[in-house]
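Spelled out, the chains give:
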Amino acid sequence: MIADLPPLVPGSVWLVGAGPGEPGLLTVLALHALTQAEHIVHDALVDERILRLAHPAAVLEGMGKRGGEASPKQGDITARLIALAQAGKKVVRLKGGDPFVFGRGAEEALALADAGIVFRVVPGISAGIGGLAYAGIPATAKQCNSTLAFVTGHDQDGDMPSAFDWEALARGVEVIVFYMGLGKVEALVERLLAAGRRPDEPMAVVSRAATAHQRVLESTLGNLVADLVQSPMTAPALIVLGGVVGLRARLNWWQP
Ligand code: SAH
């Protein structure tokens, strides 16, 4: 292992990104955190094999928000983290992907900061980067895009965000990656078409990326909704629009 990794100090919390799935995509610091933690509060997206890397004496507590299902309130999760830290535990909050990308990590860090708890953020490989790579879709390619947007299909109330400027997004950004968009795909497609994106643009859904259950549906903006009726996809899934999807024919390197 790398020398001089920082210790997880009792009474502090590390917000750790677990990456999109495959355990090998953990960072060295994330693995170090798992082996040191006394208490790990993990969300629903974290792979079983990653949880098995925890110290055998560590307490594993599942506390994840999951679209649609009954899930703990965000306030309960932050209260739990604060209570564990105040009890002097070495705490890891383990989240799928990167903790600061659509994972409520910012809210949790703000609550820890406000409570005066020492914390560290361990970035992870976000699904929108690593998950796409496992689907053979590069986030950027010189011949396709110089801009990239990550967009959530949910606002704070679970609705599709209507507050932002879809025309500006559609006009200004070549490749758009939607997180949490599967349940809203019809509305997303409708907005993108109305905002001027071409129906023949390549679009894909990447389900359970970088796991043994990965599936990819390649389509176009105009056909995606119909293609999803033929081949339904399961969450978690990314939806990606843009020319980079067309490179998959040559770059599809990974078979689960
Ligand atoms: N912090 C996470 C995102 C959490 S929001 C990250 O950085 O990746 C949850 C959404 O992430 C899901 O709805 C899905 O859009 C995406 N996601 C997370 N893991 C995924 C995976 N293995 N395959 C496809 N999408 C994934």
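Draft legend 1. Geometry of the nonpolar core. Formed by 22 residues in total, the largest nonpolar core has its most connected members in Ile176, Phe178, Leu192, Met203, Val205, Leu224 and Ile239. Secondary-structure elements contributing two or more residues to this core are strand 6 (148-152), helix 6 (166-172), strand 7 (175-179), helix 7 (185-194), strand 8 (202-207), helix 8 (224-230) and strand 10 (237-241). Top element by residues in this core is helix 7. It accounts for four residues. Excluding anything up to four places from it in sequence, Leu224 contacts Val185, Val189, Met203, Val205, Leu217, Ser219 and Ile239. The next biggest cluster of nonpolar side chains, apart from the first, holds 18 residues, and it includes Trp14, Val16, Ile40 and Val92.

Draft legend 2. Region of the structure containing the sheet that holds strand 5 (residues 119-122). Spatially, five strands are ordered 3-2-4-1-5 in an open sheet, and the strand pairing comes out parallel. Two strands close off the open sheet at either side, each with one partner strand: strand 3 (59-62) and strand 5. Between one strand axis and the next, the sheet turns through 20° on average, direction left out of account. For strand 2 (residues 39-42) and strand 3, the ladder comprises four bridges, and the chain directions are parallel. Note that in strand 3 the partner of Ile40 across the bridge is Leu60. Where helix 1 (residues 28-36) meets the sheet, it contacts strand 1 (13-17), strand 2, strand 4 (91-95) and strand 5, and its direction lies at approximately 135° from that of strand 1. The sheet contacts of helix 4 (residues 105-114) involve strand 1, strand 4 and strand 5, and relative to strand 1 the element is tilted by about 170°.

Draft legend 3. Local environment of the sheet that holds strand 7. Strand order in the open sheet formed by five strands is 6-7-10-8-9, with mixed pairing between adjacent strands. Edge positions in the sheet fall to strand 6 and strand 9 (215-220), since each has one partner strand and no second. Looking at each pair of strands side by side, their axes are set apart by 20° on average, direction ignored. Both strand 6 and strand 7 contribute to a ladder of five bridges, which runs parallel. Among the inter-strand pairings, Leu148 is bridged to a residue of strand 7, identified as Val175. Lying over the sheet, helix 5 (residues 127-134) contacts strand 6, strand 7, strand 8 and strand 10, oriented at roughly 85° with respect to strand 10.

Draft legend 4. Unusual backbone geometry, seen in detail. The residue after Ala235, namely Pro236, is reached through a cis peptide bond having omega -5°. Here Pro236 shows up in the loop between helix 8 and strand 10. Its identity as a non-glycine residue notwithstanding, Met180 has a phi of 55°, on the positive side. Under the relative-accessibility criterion, Met180 is labelled partly exposed at 37%. Positive phi outside glycine occurs at Ala210, with the angle close to 60°. Relative to the helices and strands, Ala210 is located in the loop between strand 8 and strand 9.

Cut-off values and rules
- Residues numbered from 1 in each chain as written.
- Predicted model: local features only at pLDDT ≥ 70, side-chain atom pairs only at ≥ 80, totals over all residues.
- Heavy atoms only, no water.
- Core = buried A, V, L, I, M, F, W, Y, C linked by side-chain atoms within 4.5 Å.
- Buried < 20%, exposed > 50% of the residue type's maximum accessible area, 1.4 Å probe, protein only.
- Helix = DSSP H or I, 4+ residues; strand = E, 2+ residues; numbered from the N terminus.
- Contact = heavy atoms within 4.5 Å.
- Pairing = 2+ DSSP bridges.
- Axes fitted to C-alpha atoms, helices over the stretch in contact; angles between N-to-C directions.

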